[in-house]
Amino acid sequence: MTGRVALVTGGTRGIGRAIAEMLKDRGYRVVAVYGGNVEAAEQFHQETGIPVYRWNVADYAECEAGIHKVAEEVGPVEVLVNNAGITRDVTLHKMSYEQWEDVVHTNLSSVFNMCRVVIESMRDRGFGRIINIGSINGQIGQYGQANYAAAKSGIHGFTKALAQENAKKGVTVNAIAPGYVDTDMVRKVPHEVLEKIIAGIPVGRLGRAEDIARGVCFLAEDNADFITGATLSINGGQHMD
Ligand code: CAA
């Protein structure tokens, strides 16, 4: 049992929930950050006992205040899982600036915000695990997702740069690129589009949130210290790189 403090953004629903629960089962002291769905967060807290904190990860000042509160109440963050993300799917010729900005700020600027706040303490302590949740669509693009693909692709580049900067400090920085996972986000994809996508997944099914959580737990381990700057694709074979 590790007892290390792990923070998961978007940690009360979908993939984030599975990550939070699996880390807890493995002995981490987990906190989950959520943005807006109070009802889901309360239910999650009641069912799991995991403390929840509400702030907007797209806002730097809120990340700073929130992470300091977590440090005081639970302890300094040792494992950071940047999972929070949204979609605003629409082709570029119909995309508003707001749809671009919402996705880039929530999915990518949030990763800067959270990492920037925790990185100095991780470096000082000589230990840290940062795991950023990217996407298959940041690797190969997706019709209707110029905003999302740009943000997720940005996460993959950010991960490699941060990994290089912190490799000598005991801090590893890795990404997971999930494929299509059975969550509320993917259920919003039009039915006929989703059918075609599933037909292109060699394993023949959508992913489960736990499939991604297992990858996070692996990268979070103390003895995963030689794995940094990597992207772990968990996509049922939909894209092989
Ligand atoms: N490739 C090629 N053509 C496509 C296409 C694709 N992937 N998707 C749609 N099209 C085509 C359609 O066939 C249609 O062509 P015709 O007019 O010739 O029939 C045309 O584009 C318009 O399609 P729609 O009627 O669907 O148009 P729309 O404007 O109503 O919606 C859309 C377009 C918003 C892109 C919609 O198709 C959509 O939501 N697609 C799903 C996008 C997607 O996969 N998002 C992933 C969400 S999950 C996620 O992001 C998690 C993760 O990390 C994997």
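Provided above is the structure to which this section pertains.
Per chain, residue numbering runs from 1 following the sequence as it is written. Residue-level local features of this predicted model are given only where pLDDT is at least 70; pairs of side-chain atoms are given and counted only at 80 or more, and the full residue set underlies all totals for whole chains, interfaces and linings. Heavy atoms from the whole structure form the basis of all side-chain values; hydrogens and water molecules are not counted.

A.B. asks: Would you mind showing me how to read helix 2 (residues 38-48) here?
C.D. replies: Helical geometry: 3.6 residues make up each α-helical turn, so side chains three or four residues apart lie on a common side. Relative accessibility under 20% of the residue-type maximum defines a buried residue, over 50% an exposed one, and the middle range a partly exposed one, all with a 1.4 Å probe and only protein chains included. The secondary structure listing takes helices from DSSP runs of H or I that are at least 4 residues long and strands from runs of E that are at least 2 residues long, numbered from the N terminus. Taken as a whole, helix 2 has its buried residues at Ala 40, Ala 41, Phe 44 and Thr 48. For helix 2, the buried positions fall inside an angular range of 100 degrees around the axis, keeping them on one side. Across helix 2 from its buried face, at more than 90 degrees, point the exposed residues Glu 39 and Gln 46. Between two residues, a contact is recorded if the distance between any of their heavy atoms is within 4.5 Å. As for helix 2, its buried residues are in contact with helix 1 (14-25), strand 2 (29-34) and strand 3 (52-54). Of the residues trailing helix 2, Gly 49 is marked for its positive phi of about 75 degrees. Here the arc refers to the set of directions running from the helix axis out to each C-beta atom.

A.B. asks: How do you make sense of the site of the ligand when you look at a structure like this?
C.D. replies: Near, as used in this document, describes a residue that has one of its heavy atoms within 4 Å of the molecule or strand being considered. Around the ligand sit 18 residues in total, of which Asp 89, Ser 135, Tyr 143, Tyr 148 and Tyr 180 are the nearest. Within the side chain of Asp 89, a nitrogen or oxygen atom sits 2.7 Å from a nitrogen atom of the ligand. Within the side chain of Lys 94, one N or O atom sits 3.3 Å away from an oxygen atom of the ligand. Contributing elements (two or more residues each) for the shell around the ligand: helix 7 (184-187) and helix 8 (191-199). Pairs of N or O atoms are called polar contacts if they sit within 3.5 Å, as long as, within protein, a hydrogen donor faces a hydrogen acceptor (for residues adjacent in sequence, only side-chain-to-side-chain pairs).

A.B. asks: Honestly, the sheet that holds strand 5 (residues 128-133) in this entry has me stumped. Any pointers?
C.D. replies: Paired through their backbone hydrogen bonds, the strands of a sheet run either parallel or antiparallel. Here seven strands make up an open sheet; going across it, the order is 3-2-1-4-5-6-7 and the pairing parallel. Edge positions in the open sheet fall to strand 3 and strand 7 (231-234), since each of these has one partner strand only. Shown here is a sheet whose adjacent strand axes are inclined to one another by a mean of 20 degrees, direction ignored. Every axis corresponds to a line fitted to the C-alpha atoms, with the helix fit spanning only the stretch in contact, and the corresponding angles, defined between N-to-C directions, vary from 0 to 180 degrees. With respect to the sheet, helix 1 is in contact with strand 1 (5-9), strand 2, strand 4 (79-82) and strand 5, its orientation differing from that of strand 1 by roughly 170 degrees. Strands are treated as partners if at least two bridges between them are detected by DSSP.

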